[in-house]
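Next come the chains, spelled out residue by residue.
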Amino acid sequence: MARKPWQEVAKIAQQARDRSIAQVQPPVPDVPLDLPLNVSDIPRQLLTPAEVEITETAPEILAQSLASGKLTSVEVVNAFLRRAALAQKLVSLTCC
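Caption draft 1: Seen up close, the overall build of the chain. For the chain, the helix and strand inventory stands at 5 helices and 0 strands. When the helices and strands of the chain are read in sequence order from the N terminus, they spell out α-α-α-α-α. A globule of 96 residues ought to have a C-alpha radius of gyration of about 12 Å, yet the chain, at 16 Å, is considerably larger. Dimensions along the principal axes, computed over C-alpha positions, put the chain at roughly 55 × 35 × 20 Å.

Below you can see the structure in the form of C-alpha cells.
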C-alpha cells in the first residue's frame, strides 16, 4: 500500500477539521484577519458572556453547578465545544 504524501494527509485532516467546525451550532464566529500578537482576549470578544464564564470556571465549581442544576451538561459541553472550535480557527489562521 502506497503512502500518501504528508501534504495530502494534512489537507484531508484540515478539511475534516473545517467540516467539524462548520457543524457547531450556533456557528462559531470568524476571527478577525488583523490579529494582535496576544490573542487570549479573542474568546471574550467573540463568544457569549455565558460561554466565557463557563469555560473559565474551575472544574470543581462547574461540577457543583451541574450537580445543583444551575448549569446543564449540554450548556457546558456546547460552551467548551465553541471555545475549542474558535481556538482551532485561530490556530489555522495563524499557522497555516
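Caption draft 2: The arrangement of the nonpolar core in detail. Among the nonpolar cores identified, the biggest contains 11 residues, and these are Ile21, Val24, Val28, Val31, Leu35, Ile42, Leu47, Val52, Ala85, Leu86 and Leu90. Ranked by residues supplied to this core, first place goes to helix 5 (residues 73-95) with 3 residues. Apart from the residues within four sequence positions on either side, Leu47 is in contact with Val52, Arg82, Arg83 and Leu86. Residues Ile54, Leu62, Leu71 and Val76 belong to the second largest nonpolar core, which totals 5 residues.

Caption draft 3: Spotlight on the environment of Ala84. Examined against the element boundaries, Ala84 turns out to sit in helix 5. For the pair Ala84 and Thr55, spaced 29 residues apart in sequence, the C-alpha to C-alpha distance is 9.9 Å.

Caption draft 4: Here's a closer look at the environment of Asp18. For Asp18, the position within the fold is in helix 1 (residues 6-22). Here Asp18 falls in the partly exposed class, since its relative accessible area comes to 41%. A distance of 3.0 Å separates a polar atom in the side chain of Asp18 from a polar atom in the side chain of Arg17.

Caption draft 5: Quick look at the pattern of salt bridges. Evaluated as defined, the whole model comprises 6 salt bridges. Between Arg83 and Glu56 there is a salt bridge whose closest N-O contact spans 3.3 Å. Placement of Arg83 in helix 5 and of Glu56 in the loop between helix 3 (49-55) and helix 4 (59-68) is noted, with a sequence separation of 27 residues between them. A single network of salt bridges, built from pairs that share partners, joins Asp41, Arg44, Glu56 and Arg83.

Caption draft 6: Quick peek at the side chain of Arg82. Position of Arg82 among the secondary structure elements: in helix 5. Here Arg82 falls in the buried class, since its relative accessible area comes to 5%. Not counting residues up to four positions away in its chain, the partners in contact with Arg82 are Val24, Gln25, Pro26, Pro27, Val28, Pro29, Leu47 and Glu51.

Caption draft 7: Here's a closer look at the side chain of Ser92. By the secondary structure assignment, Ser92 is in helix 5. Taking the relative accessible area as the measure of exposure, Ser92 reaches 18% and is therefore buried.

Caption draft 8: Main features of the environment of Ala58. Inspection of the secondary structure assignment puts Ala58 in the loop between helix 3 and helix 4. When its relative accessible area of 29% is taken as the criterion, Ala58 is described as partly exposed. With 17 residues separating them in the primary sequence, Ala58 and Glu75 have C-alpha atoms 15 Å apart.

How each quantity is defined
- Residues numbered from 1 in each chain as written.
- Predicted model: local features only at pLDDT ≥ 70, side-chain atom pairs only at ≥ 80, totals over all residues.
- Heavy atoms only, no water.
- Helix = DSSP H or I, 4+ residues; strand = E, 2+ residues; numbered from the N terminus.
- Rg over C-alpha atoms; globule rule 2.2 N^0.38 Å.
- Core = buried A, V, L, I, M, F, W, Y, C linked by side-chain atoms within 4.5 Å.
- Buried < 20%, exposed > 50% of the residue type's maximum accessible area, 1.4 Å probe, protein only.
- Contact = heavy atoms within 4.5 Å.
- Polar contact = N/O pair within 3.5 Å; in protein donor to acceptor, adjacent residues only side chain to side chain.
- Salt bridge = Lys/Arg side-chain N within 4 Å of Asp/Glu carboxyl O.

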